[in-house]
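What follows is the residue order along each chain.
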Amino acid sequence: MKKESKQYLEITLKNMKKCQWEAGKEFTDFNYDGKCLIIKKDDRLVGLYPVDALMSVVFFD
């Protein structure tokens, strides 16, 4: 039996806090505009992280 894996985005901030966003449920798209990481759900803004506050961004597929 194959375990179902979920797609998610994990963001680590410079203050060592981690945020996880589950694809489909919490966001449908994300992009980087050079200054901020922008997270959207159905073309609506749901998260905004300034690049100066980020340590790492990883998308798990």
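Residues numbered from 1 in each chain as written. Predicted model: local features only at pLDDT ≥ 70, side-chain atom pairs only at ≥ 80, totals over all residues. Heavy atoms only, no water.

Quick look at the overall build of the protein
Looking only at helices and strands, the protein features 0 helices and 6 strands. Going residue by residue from the N terminus, the α and β elements of the protein occur as β-β-β-β-β-β. Counting only C-alpha atoms, the protein reaches 45 × 30 × 15 Å along its principal axes. Across the 61 residues in the protein, those meeting the buried criterion constitute 23%. Just so you have it, the protein exposes about 4900 Å², and 51% of that area is on carbon and sulfur atoms. (Helix = DSSP H or I, 4+ residues; strand = E, 2+ residues; numbered from the N terminus. Buried < 20%, exposed > 50% of the residue type's maximum accessible area, 1.4 Å probe, protein only. Areas by Shrake-Rupley, 256 points an atom, 1.4 Å probe, with all protein chains shown as cover.)

Comments concerning unusual backbone geometry
In this structure, Met16 takes a positive phi of about 75 degrees despite not being glycine. Secondary-structure assignment places Met16 in the loop between β1 (8-13) and β2 (18-22). Even without being glycine, Asp42 reaches a positive phi, approximately 50 degrees.

So far we have only geometry, and geometry alone does not tell us how the molecule works.
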